[in-house]
Amino acid sequence: GDYDSGTVNGLYLDNEDNIILFAKYFSQKVIKYDKDGTFISIDDYTFDFPFTINVYNNDILFDKVHKDPSGNFHLGGIIGDYNAVYSYYAQFTPQGAYWKHKTDTLNVIEYNMGASIISLYDDFKIHLVGRGYTDPGSNTKYGIVLSSLNTEGNCEWGNPNWFEDYERYPLKILKTNDGTFYVTIYFVNSSGDSRGTYLSKYDPVGDLIWERKIDTIRVTDMEFDKGGNIWLVGSGTSSNVTARIKYSGAGERTFYKLDEDSFAAGNLLVNEDNDIYFTAHNYEGVFVQKYDWKGDFLAEIKISNNYNFLNNSILAFDPKGDLIVCSDWQEDIFIKKISDLTVDVKKDNILPTEFSLSQNYPNPFNPSTSIAYSVPSNEFVSLKVYDILGKEVAVLVNEEKSAGNYEVNFNAENLSSGIYFYVMTSRNFSKTNKMILLK
């Protein structure tokens, strides 16, 4: 259908396989189609707020709609004036019908926090990140506020962090299993001649733990790999480069690479084998590139000669592991399925000529690390982990393996800090390496 000037903030199937489309434009619209694309209904909702707002500011409306495992839809946001800051929340049934709405006060002491920009749904809570600034009559400060709403609409916590250096614009939020948050934040000074991205880590109640400044790079996406590292891709703010950057959970930058003549990065994706995929384009066209967990190049495929096809790009895997690429340019939609990138020019397709066991990475680690090994012929292979007393604590591999290069992930979440040994054995090969778990 044609819904002029609307911004889609959710697209899902309901429990009957009808299509539920959420869109915002002065209000929250819920548009419903059957699975064949036949129009069923459209409903329009406005919500009461505790103060008068400018209805032409779409930021006051919900940025993203989240669906829980039961099929309910959840929307949340932040809005503030010079007197108070509020959270707002709405919930819809699995059929897309409006259910309830609630506004709650965030207990923050400085105001004008603006509106929420990004949100994350996890553990039946909506985690929000917004931005704002203090009263222009005071010393200028720029704020990033994190908050968390439960599914009753109650604000469990809201916490602003204030800075005096740059205006800040949140880009993406991720949450770890231990409740900490990572946020990418674009910054710019008042004259616009200093621009880049902060990677910031916040504790479970929104206090800043650390931040890392990445000058002249605007990050377009962020994902975890299987070792708990944070991968970033982005484009130069003043040069035609694409950046690939990796940080450990402790904030140490362990990889940084600039690719020349590739001036726009898109989406980032990590597969189960810890391979890194991302989209980028230059004047020659649009490419999907693949790298291993160390950042080494594995493969590249050109998906379009039209370099403009990269706006709002999305990467996803289908159930068979094939890669789906979707992007848009003006009024065109581009979708491509890629099944051969997993083998195209991949360096480890060359069969090894001898056994090898690599040093785990990262090392030290917390709580996960990756171990690479090679098998030159069909052999029964064992790869086990032992503590410093020689007690077996994990069996990673214990089976017949064909010739090839392999990588296995070791998660030590339930083990205590210390030195561990991993041992690979086969009929005519045995090797032991040491690794360190630091929690």
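Now for a description of the structure that goes with this document. (Residues numbered from 1 in each chain as written. Predicted model: local features only at pLDDT ≥ 70, side-chain atom pairs only at ≥ 80, totals over all residues. Heavy atoms only, no water.)

### Description of the side chain of Lys201
We apply this condition: Put simply, DSSP H or I for four residues or longer makes a helix, DSSP E for two residues or longer makes a strand, and each gets a number counted from the N terminus. Whether a residue is buried, partly exposed or exposed follows from its accessible area with a 1.4 Å probe, protein chains only, as a fraction of its type maximum: under 20%, in between, or over 50%, in that order. Counted as positive: Lys and Arg. Counted as negative: Asp and Glu. His and the chain ends are not counted at all. Any Lys or Arg side-chain nitrogen located within 4 Å of an Asp or Glu carboxyl oxygen qualifies as a salt bridge. We call two N or O atoms a polar contact when they sit within 3.5 Å, provided that within protein one can donate a hydrogen and the other can accept it, with sequence-adjacent residues counted only if both atoms are side-chain atoms. It only takes one pair of heavy atoms within 4.5 Å for two residues to be counted as in contact.
As for its placement among the helices and strands, Lys201 is situated in strand 15 (residues 195-202). Of the buried charged residues, Lys201 lacks a salt bridge, with Asp178 as the closest side chain of opposite charge at 5.8 Å. A polar side-chain atom of Lys201 sits 3.1 Å from the main-chain carbonyl oxygen of Gly249. Beyond its immediate sequence surroundings of up to four residues, Lys201 is in contact with Thr180, Phe181, Tyr182, Asp207, Leu208, Ile209, Trp210 and Gly249.

### Quick word on the pattern of salt bridges
One pass over the structure, following the stated rule, counts 20 salt bridges. Note that Lys175 is salt-bridged to Asp123, the shortest N-O span being 3.3 Å. Linking Lys175 in strand 13 (residues 167-175) with Asp123 in the loop between strand 9 (116-122) and strand 10 (125-133), this pair joins segments that are 52 residues apart in sequence. Several salt bridges share partner residues, and in doing so they unite Asp122, Asp123 and Lys175 into one network.

### What about a negative patch on the surface?
What counts, and what does not: Nonpolar side chains (Val, Leu, Ile, Met, Phe, Trp, Tyr) within 5 Å and like charges within 9 Å form the patches, drawn only from residues with over 30% relative accessible area and no salt bridge. Values of accessible area rely on a 1.4 Å probe in the Shrake-Rupley scheme; residue burial ignores everything except the protein chains shown. By convention, charge coordinates are those of NZ in Lys, CZ in Arg, CG in Asp, or CD in Glu.
On the surface, Glu260, Asp261, Glu284 and Glu300 cluster together to form a negatively charged patch. Looking at the secondary structure, you find Glu284 in the loop between strand 22 (276-282) and strand 23 (285-291). Its relative accessible area of 53% is what places Glu284 among the exposed residues.

### Some words on a nonpolar patch on the surface
Together, Ile388, Leu389 and Ile419 give the surface a local cluster of nonpolar side chains, amounting to about 340 Å² of exposed area. Structurally, the position occupied by Ile419 is in strand 33 (residues 418-426). Given a relative accessible area of 32%, Ile419 falls into the partly exposed group.

### A short note on the packing of aromatic side chains
Describing an aromatic ring pair means giving the distance of the ring centres and the angle of the ring planes. Quick reminder of the rule: Two rings from Phe, Tyr or Trp (for Trp, the six-membered ring) form a pair when their centres are within 6.5 Å of each other. A pair whose planes differ by under 30 degrees is stacked, one over 60 is edge-to-face, and the rest are tilted. Working rule: Lys NZ or Arg CZ, within 6 Å of ring centre, within 35 degrees of ring normal, means a charge sits over the ring.
For the coordinates displayed, the defined rule picks out 20 aromatic pairs. Judged by centre distance (4.9 Å) and plane angle (45 degrees), the rings of Phe187 and Tyr198 are tilted. One end of the pair, Phe187, is in strand 14 (residues 181-188); the other, Tyr198, is in strand 15, and 11 residues separate them in sequence. According to the relative accessible area criterion, Phe187 is buried, its value standing at 0%. The class of Tyr198 is buried, set by a relative accessible area of 5%. Aromatic ring contacts, followed pair by pair, group Tyr12, Phe22, Tyr45, Phe73, Phe92 and Tyr98 into a single cluster. Over the face of the ring belonging to Tyr291 we find Arg244, whose NZ or CZ atom lies 3.6 Å from the ring centre. The side chain of Lys401 reaches across the aromatic face of Tyr406, ending 4.3 Å from its centre.

### Some points on the nonpolar core
Let me state the cut-off plainly: Side-chain atoms within 4.5 Å are what join buried Ala, Val, Leu, Ile, Met, Phe, Trp, Tyr and Cys residues into a set we call a nonpolar core.
Core analysis: the largest hydrophobic core is formed by 20 residues, its most contacted members being Tyr373, Leu383 and Met424. Of all elements in the fold, only strand 29 (368-375), strand 30 (379-387), strand 31 (392-401), strand 32 (404-411), strand 33 and strand 34 (429-437) reach the threshold of two or more residues within this core. With residues up to four places along the chain from it excluded, the contact list for Met424 reads Phe355, Ser356, Leu357, Tyr373, Ser374, Val375, Val381, Ser382, Leu383, Phe429, Ser430 and Lys431. In this structure, Ile20, Phe49, Ile79 and Tyr86 belong to the second largest nonpolar core, which totals 16 residues.

### What about empty space enclosed by the protein?
To find leftover empty space, a probe the size of one water molecule is rolled over the atoms. Rules: For cavity detection a 1 Å grid was placed over the protein atoms alone, and a set of points counts as a cavity when a 1.4 Å probe fits there but cannot get out; an open set counts as a pocket when protein lies on both sides within 12 Å along at least five of seven lines, with lining residues being those that have an atom within 4 Å of a point. Grid points are joined across faces, edges and corners, and a volume is the space filled by probe spheres set on the points. Ten residue types, Ala, Val, Leu, Ile, Met, Phe, Trp, Tyr, Cys and Pro, are classed as nonpolar, four, Asp, Glu, Lys and Arg, as charged, and the remainder, Gly among them, as polar.
If you walk through the whole model with that rule in mind, you get one cavity of 30 Å³ or more. In this model, the largest cavity occupies a volume close to 40 Å³. Across the lining of the largest cavity, the residue classes break down as three nonpolar, four polar and two charged.

### Structural notes on the sheet that holds strand 24 (residues 297-304)
Under the convention used in this document: We call two strands paired when DSSP finds no fewer than two bridges between them. Under this scheme, a helix contributes an axis fitted over its contacting stretch, all axes are lines through C-alpha atoms, and angles between N-to-C directions fall in the 0 to 180 degree range.
In space, the four strands of this open sheet follow the order 21-22-23-24, with antiparallel pairing throughout. Each edge of the sheet is formed by a strand with only one pairing partner; in this case those strands are strand 21 (264-270) and strand 24. The sheet shows a mean angle of 20 degrees between the axes of neighbouring strands, direction not considered. As judged from the five bridges shared by strand 21 and strand 22, these two strands associate in the antiparallel manner. Residue pairing in the sheet places Val270 in a bridge with Ile276 of strand 22.

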